[in-house]
Amino acid sequence: MAAETTRDEYGTDTRPILETDRLTKRFGAFTAVDGVNLSIRRGEFRSVIGPNGAGKTTLFNLLSGGLAATEGTVRFDGEDVTDLPPQERVRRGIGRSFQILNIFGELTVRENVRLAAQSVHRDDYGFLASLFKPTDRHDGINARTDEVLDDVGLTGLATAEANALSYGDKRRLELGMVLATDPELVLFDEPTAGMSIEETERTIDLIDDVLADRTLLLIEHDIELVMELSDRITVLHQGEVIAEGRPEAIADDRAVQDAYLGGMLE
Ligand code: ADP
Ligand code: MG
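Small disclaimer: the values here were computed from a predicted structure and weren't measured.

Draft legend 1. Quick look at the packing of helix 6 (residues 167–180) against helix 7 (residues 197–210). Their axes nearest at 11 Å, the elements helix 6 and helix 7 cross at an angle of 15 degrees. The pairing of helix 6 with helix 7 is recorded here as roughly parallel in orientation. Here the hand of the crossing between helix 6 and helix 7 comes out right-handed. Facing Tyr 167, Gly 168, Asp 169, Arg 172, Leu 175 and Leu 179 of helix 6, the residues of helix 7 in contact are Glu 199, Arg 202, Leu 206, Ile 207 and Val 210. Of the residues belonging to the contact of helix 6 with helix 7, the class tally is 6 nonpolar, 1 polar and 4 charged.

Take a look at the structure:
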């Protein structure tokens, strides 16, 4: 049966949630992302690493819709999303980390999470019912908001003004805002940037915890964390994928060492 061929020996669904085909972005004559083929399984934790300027952030922008591809395609959950605007991709389940600038500083923590939850709220009754059933709709959004605040450990700070949060708590709020959109796939671009060692560890534990049943695509510069957290690693160099595989294999890969790691793992 066809359904069986999409599951491996552990019963895991092996159909990719995200696939790119020769995805390319040029800025004028310069090619920042060069023919990238990715295939990410549902539930996988994948990291993208590579030196500064390798094209990691540009690749994420192509996936989230922040930038239009020059060539190639992005498929999500079996459908071509290459030409869809960012908000429609969020609605379909591609969650991207909001930058801290997207937090409304003068609103409370709770109000920020609620706005994110509201931005994607799907109701099964359609537009007309949404006019007649406002209470149900609000109950759903409020429940989701409370759940997320609990997941990211911000329930105690729910009524605090977002501006008043510490840097680490702002990043947790950011994570909460992504979760509030109920993403199937989460794109995180350096979620621990600027954090102390302790904050970094807390954040990674949190990501590991709250994303347990989702798919993660992570850009992270801390190699040890990447090795610990990832199922597989993709290495970008000058816009191209130069290696892909399990953390151990990547650590041993000579091309990766030459291009990037430079003995950091030895
Ligand atoms: P990374 O995130 O891996 O450090 P980026 O994706 O930010 O790399 O950048 C890849 C390359 O593309 C860099 O050389 C950068 O200068 C260039 N680049 C990124 N965005 C633009 C842009 N909007 N216009 C022109 N060049 C860009
Ligand atoms: Mg970057």
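Draft legend 2. A look at the site of ligand 1. Neighbouring ligand 1 are Phe 27, Phe 30, Ala 32, Pro 51, Asn 52, Gly 53, Ala 54, Gly 55, Lys 56, Thr 57 and Thr 58. In this structure, an oxygen atom belonging to ligand 1 sits 2.6 Å away from a side-chain N or O atom of Thr 58. Within the complex, 57% of the 570 Å² of free accessible area of ligand 1 lies under protein. For the shell around ligand 1, the secondary structure elements donating two or more residues are strand 2 (30–41) and helix 1 (56–64). Tallied by class, residues from the shell around ligand 1 come to 5 nonpolar, 5 polar and 1 charged.

Draft legend 3. View of the sheet that holds strand 4 (residues 71–76). Within the open sheet, the 4 strands sit side by side as 2-1-4-5. Their pairing is antiparallel. Sheet topology places strand 2 and strand 5 (79–80) at the edges, where each strand pairs with a single neighbour. As defined by bridge partners, strand 1 (residues 16–27) adjoins strand 4 across 5 bridges and the pair is classed as antiparallel. When the bridges of strand 4 are listed, Leu 18 appears paired with Phe 76. Along the sheet face, helix 1 touches strand 1, strand 2 and strand 4 and points at about 120 degrees away from the line of strand 1.

What counts and how
Residues numbered from 1 in each chain as written. Chains lettered and ligands numbered in written order. Predicted model: local features only at pLDDT ≥ 70, side-chain atom pairs only at ≥ 80, totals over all residues. Heavy atoms only, no water. Axes fitted to C-alpha atoms, helices over the stretch in contact; angles between N-to-C directions. Helix = DSSP H or I, 4+ residues; strand = E, 2+ residues; numbered from the N terminus. Parallel < 35°, antiparallel > 145°, perpendicular 65-115°, else oblique. Left-handed = near helix turned anticlockwise from the far one by under 90°. Contact = heavy atoms within 4.5 Å. Nonpolar A, V, L, I, M, F, W, Y, C, P; charged D, E, K, R; others polar. Near = heavy atom within 4 Å. Polar contact = N/O pair within 3.5 Å; in protein donor to acceptor, adjacent residues only side chain to side chain. Areas by Shrake-Rupley, 256 points an atom, 1.4 Å probe, with all protein chains shown as cover. Pairing = 2+ DSSP bridges.

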